Amino acid sequence: MLTSIVSRQWLLGALTAALVAVAGWVIPFHAQSTEPLIYTDAAAPIERRVSDLVGRMTLQEKVSQLVHDAKAINRLGVPAYNWWNEGLHGVARAGRATVFPQAIGLAAMWDTALMREVATAISDEARAKHHEFVRRGQRGIYEGLTFWSPNINIFRDPRWGRGMETYGEDPYLVGRLAVEFVRGLQGDDPKYLKTVATPKHFAVHSGPESDRHTFDATVDERDLRETYLPQFEMAVREGGALSVMCAYNRYLGVPACASPLLLDQVLRKEWGFAGYVVSDCGAIDDIYQTHKLVKTAAEAAAMGVRGGCDLSCGDTYKSLVESVKLGLITEADIDVAVRRLFTIRFRLGMFDPPASVPYAQIPYATVDSPAHRRLALQAARKSIVLLKNEGQLLPLKAGYKTIAVIGPNADDEEVLLGNYNGTPTSAVTPLQGIRARLGSSARVLFEQGTDWADNLPSFEVIPSSALRTTSGGRTVPGLTGAYFNIRGQSTSASWQSSTLTFPALGDTAVLTRVDPRIDFRWLDRSPDPQLPDDGFAVRWTGELVAPETGTYQLGGVGLSGFRIYLDDELVVEYRGNHESNKKAKAVLLEAGHAYRLRIEYFNRHADARFQLFWSRPVRRLEEKALAAARQADLIVAVMGLSPRLEGEQMDVPVEGFKGGDRVDLGLPNAQDRLLHALAGLGKPLVLVLLNGSALACPWAVEHVPAIVEAWYPGQAAGTALSDVLAGDYNPAGRLPVTVYSSATQLPPFNDYAMKNRTYRYFTGEPLFPFGFGLSYTTFAYRNLVIPAQALAGQPVAVSVDVENTGTRAGEEVVQLYVTDVAATVPVPIRSLQGFERITLKPGEQRTVRFTLAPRQLSLVDKNMQRVIEPGVFEIAVGGKQPGFKGRADAATTQVVTGRFEVTGSTYSVR
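These numbers come from a predicted model, not from an experiment.

Draft legend 1. Quick peek at the pattern of salt bridges. Applying the stated criterion to the full structure yields 55 salt bridges. A salt bridge links arginine 866 to glutamate 226; its shortest N-O distance comes to 3.4 Å. Of this pair, arginine 866 sits in strand 38 (residues 866-868) while glutamate 226 is found in helix 7 (residues 221-228), placing the two residues 640 residues apart along the sequence. The residues arginine 866 and glutamate 226 share a single accessibility class, namely buried. For aspartate 534, the salt bridge goes to arginine 487, with nearest N and O atoms at 3.4 Å. Taken together, the residues aspartate 534 in the loop between strand 18 (519-523) and strand 19 (536-545) and arginine 487 in the loop between strand 16 (479-485) and strand 17 (511-515) connect sequence positions 47 residues apart. For aspartate 534, a relative accessible area of 13% puts it in the buried group. Connected through salt bridges with shared partners, the residues Arg563, Asp567, Asp568, Glu573, Arg596, Arg598 and Glu600 form a single ionic network.

Written out as C-alpha cells, the structure is:
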C-alpha cells in the first residue's frame, strides 16, 4: 500500500514538472491532504480561488509575493514570477522584438486606431515570448506579462529627459492614446487578461531627473485636476487599466507611493480602480533613505502598504514581517495587497491549463513577423512631421545626381530605438533608406560630420585588425572567447544596478573559440546549443593594438553586465538593468603597442548582446563632411539628439545637458556649427531631426528650406523617411508638444505650476505650436455646424466639412479646440477636445463629426469642484490651432471658428 502511495506521489510530481516545463501550468502537490483545493479549480470564481490560495499562505510567504521578483511557493504550486517587464513601444529587454517609434513618435501620429493596432501587436509578441520562456523554464525579469507601460505623465517642460516616453503635453491627447494602448495590451477576452498595462508615474511627475528621489511636487488642486490627473483617469475609467505605477517624488509632502490622497481617495474611491499599485523601482526605499520621512525599512514598508502601494519594485517590502512584529501594520493589511496581486495572476491564466487560455496559443512566429514589420513602417511614416517646406523642396524632384547625407544620426541604429526598447531583427537607418530608395538614380555620399555633442563621441566596433590572440601556436586576429554556463548563479543582490554582482567564472569553460570581432547580438538565442540563453558568461582575452597614437574612448555596450580590463587594470564596468548600458572611458594608446585586453561579460535574461567599441583620436569629421557636401546637388543633414544625451537619470558630461535632462533646448553646439557650415554652401538642404524632445532651432527655421521631424522612429526609420522625402508617402504627423524658441520662454524647470506652460497656458509666440504639421497637399474647412445654445449637462454635436484642395492624396488631422470664454476662474487659453485622422483624395470632401461630452465643457471652480458654468464657449476646428501668426500661417490647412452658449444653472460633473 505504501509503495502504491509513493508511486502515485512520484507520478504526480513528475506530471507537475512536465506541465511546468512544457506549458507553464502549475498544480500544487499536497501528498497528505484531502482538503479541496478551490484555487486549482479553473471553473471556480476568481474571488474564491484567490481567497483560498492566500488563506493557505504563511505571513512570510505573503510578504515574499509583494516584491517584483516574487519567489516560488513550491508547497502550494505557486511558480516564481517577476512583475518587472517593459513594453513602451515594443516588448523591451527580452531579445528579438518589433520596435515601433518611441512613444512621443506614436503620439505624433494622432491616430487612436493605429495606436490600438500597435499595442495589440506588442501584446501578441509579449504573450508569445512569455510562453516560450516558460517552456524553457525561464521566469525571470522581462519574461512576464505585467508591463510597466505606458508613461502618461504630462510632458510639461521640454527639458525633461524622459518626455520622449510620453504622449506629449496635452491631457486629452495623452488620455485618448493611453486608453487605446491599455486596451490593446490587456485584450478583450471576457475572462482572461492578455497582459497588464501599467500607466505611470502617478501622478505629478516630470523631472528634474537628478532630483526625482527627493523632490516635493507642489501644485494647487486646480492644476492637479486639470493637467496632472485627467489622462490617468481616462486610462483607468475608460481603458480599464489594472495596474498603476506610483512615482518617486512626494506630492504635497507625502511620497507618491504612500499617498492616501492619490492612491486611495482619488485612484480607488473616485475612479473605482480595481487593480494593484506598483512602486517605481526603489521608491519605497526612498521613503526612509532620501525623503527621510521615517528612519527604518520596516517603517517605510508599512507606510507604503498602508498608503495603498501593493507591490514594491525593490527590497524594502521584505521588511514587512518585521513591520508586523513591531505593530506597524497588520497581516490583514498585507492580505489586501496579496489578494490584489493574485487576482491579476489568476486573470492572466497562470493557474489554469494553457489550452483554456486563448492568448497562450499565440505562436512564437508572431515575434517581429512580416505583418508587425509592416505595422512598424506604417507607424513610422505616420509619426513624421513636416515642419518647413520652403519653395516645395519636398518631395524631392528628379534630377539630383549626387546626394550628400551628413550627420551623426544618419547611420546609427541606437538612435532609432529610443529607450525602454527591444531589439529588432533588422533596422533601417536613414542612410540605408535613402540609398535603397534614391541610390539607383543618384550617387549617395555619406559622412558623419560631427559627434552628437562635444565630449560625446560616436563609436565604431573595434576591427579585428586591432585585436590579436594565440590559437594553435599562431598569432591570429581577434580574441579568445571562453564561454561559461552560469545559469543558477545569482548575479543580483537587489534591483539596484550598484549592487549587481558578477558571476564566478572559474577555469572550466563549456566552449572556447576565437572571435575575430566582438560584435554580437544573440538576442533570445544563446551563443551555442550547449549554453542557456538566460545564463551564460564570456571571458575574452588577447591583445589590443592601436593603429595610431592618441586618446581613444574605449568601451562596450551590452546587457546584463560587463568589465573591460587593459593591462589588468579595470577600465570600464557596467552592471545593471536600469541605467544606460553603453559605457566608455578615455585611454591613451600608443601605436603598435600590444596591450593585454580582458573582457568579462554575463547575461542573465534573454536579451543577449555585446559590442566592443572605441572612438579614434583623429577623424577630421567636419572636413570630410564639407568635402562630400561640395560634391553634392542636395544635402540631407540628419541631426538631433540621442538616447545618450536625454533619458532617465544618467550622467551626461555635455554642456547643455544635466542628469538626463536638458538645460539648453537647441541643437548641441557641435551639430549647430556643422549645420551653419552646410547651409553656407548654398546647396538645397533638408534638415532631418531625430530626437525625443522638442528642439529649438530658430536659426535653422530661418535659413534651412526644409525641416522634417522624425523623433526616434523605430526599426523602419530609414524606409519611412525615404518614403516621405521621395514623395511616396505624404506626411501628416502633428506635433504633440509645443516647440519653443528657447528655454528663456519658460518658467523654472522645477516649478510644477502650469502657468505659461504648454499650449494651454503659454502666452508667448512658439517656434512651432502644438498640433502643427505640413502636408504635400492642402485642405479647406467649411460649414462648421454647432448649436446656438446647449443646456448645461447635455452633449454638444459639432460637424465640419473638410476638402482636399490639392493635387495629391493626403491625410489630415482634424483638431477641435474649446475655449471657455466666460469662465469665473482661471482656465486654459484653449483645450484640445477632439481629433480625427482622415484620408482624402484630391477633390474629395468629408463631413467630420464630434460630440462634446458634458465633462469636456467643465472646469474646476473656486471650491475645487468640477462643474459646467453657463456662458459662452468658442469652438475652433481645423488642421492646426487657431490664432498663430508668422511661420505657423504657412500651414497647408485651415481653421474655422464659432461660438455657442451654455444655458441653465451651474451643473456638477462627476
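Draft legend 2. Local environment of the state of the cysteines. Across all of its chains, the model carries two disulfides by this definition. A disulfide bridge connects cysteine 281 with cysteine 313, and the sulfur atoms are separated by 2.0 Å. What sets the handedness of the cysteine 281 and cysteine 313 disulfide is the S-S torsion sign, and at about 80° it is right-handed. One end of the pair, cysteine 281, is in the loop between strand 9 (276-279) and helix 10 (283-289); the other, cysteine 313, is in the loop between helix 11 (297-307) and helix 12 (320-325), and 32 residues separate them in sequence.

Draft legend 3. Structural detail: the sheet that holds strand 11 (residues 402-406). If you walk across this open sheet you meet the six strands as 10-30-29-26-11-12, and the pairing is mixed. A strand with exactly one partner marks an edge of an open sheet, and here the two such strands are strand 10 (385-389) and strand 12 (443-447). Within this sheet the neighbouring strands show an average axis-to-axis angle of 15°, counted without direction. Across six bridges, strand 26 (residues 634-640) lies against strand 29 (residues 685-690) in parallel orientation. From the neighbouring strand, glycine 640 faces strand 29, where its bridge partner is leucine 690.

Draft legend 4. Quick peek at helix 16 (residues 430-438). Of all the positions in helix 16, only Pro430, Leu431, Gly433, Ile434 and Leu438 are classed as buried. Axial view of helix 16: buried residues confined to an arc of 165°, hence all on one face. Looking at the buried positions of helix 16, the neighbouring elements they touch are strand 11, helix 15 (414-417), strand 12, strand 26, strand 29 and helix 20 (717-726).

Draft legend 5. Layout of the side chain of lysine 382. Mapped onto the elements of the fold, lysine 382 is located in helix 14 (residues 370-383). Polar contacts involving the side chain of lysine 382 include one to the side chain of glutamate 811, which spans 3.2 Å. When neighbours within four sequence positions are excluded, lysine 382 is seen to be in contact with Ala108, Met109, Asp111, Leu114, Tyr729, Gly733, Glu811 and Arg837.

Draft legend 6. Main features of the sheet that holds strand 7 (residues 250-251). Reading across the sheet, the three strands line up as 5-7-8 and stay open at both edges, with mixed pairing between neighbours. Since the sheet does not close on itself, it has two edges, and those belong to strand 5 (216-217) and strand 8 (254-255), each with one partner. Bridge count between strand 7 and strand 8: two bridges; the pairing is antiparallel. In the sheet register, arginine 250 faces strand 8, and the bridge partner there is proline 255.

Draft legend 7. Local environment of the packing of aromatic side chains. A full pass over the atoms with the stated rule returns 32 aromatic pairs. Centroid distance tryptophan 84 to tryptophan 148: 5.4 Å. Interplanar angle 20°. Geometry classified as stacked. Residue tryptophan 84 is located in the loop between strand 2 (81-82) and helix 4 (103-108), and its partner tryptophan 148 is located in the loop between strand 3 (146-147) and helix 6 (171-186); the two are separated by 64 residues in the primary sequence. Grouping residues by exposure puts tryptophan 84 and tryptophan 148 together as buried. Ring centres 5.7 Å apart and planes at 35° place the aromatic pair phenylalanine 562 and tyrosine 574 in the tilted group. Here phenylalanine 562, found in strand 21 (residues 561-566), pairs with tyrosine 574, found in strand 22 (residues 569-575); they are 12 residues apart in sequence, far enough to count as distant. For the residue pair phenylalanine 562 and tyrosine 574, the accessibility class agrees, reading buried in each case. The residue whose ring lies beneath arginine 156 is tyrosine 752, and the NZ or CZ to ring-centre distance is 3.8 Å. The ring of phenylalanine 613 has lysine 582 sitting right over it, with the charged end atom 5.5 Å from the ring centre.

What counts and what doesn't
- Residues numbered from 1 in each chain as written.
- Predicted model: local features only at pLDDT ≥ 70, side-chain atom pairs only at ≥ 80, totals over all residues.
- Heavy atoms only, no water.
- Salt bridge = Lys/Arg side-chain N within 4 Å of Asp/Glu carboxyl O.
- Helix = DSSP H or I, 4+ residues; strand = E, 2+ residues; numbered from the N terminus.
- Buried < 20%, exposed > 50% of the residue type's maximum accessible area, 1.4 Å probe, protein only.
- Disulfide = S-S within 2.5 Å.
- Pairing = 2+ DSSP bridges.
- Axes fitted to C-alpha atoms, helices over the stretch in contact; angles between N-to-C directions.
- Arc of directions from axis to C-beta.
- Contact = heavy atoms within 4.5 Å.
- Polar contact = N/O pair within 3.5 Å; in protein donor to acceptor, adjacent residues only side chain to side chain.
- Phe/Tyr/Trp six-rings, centres within 6.5 Å; stacked < 30°, edge-to-face > 60°.
- Lys NZ or Arg CZ within 6 Å of the ring centre and 35° of its normal.

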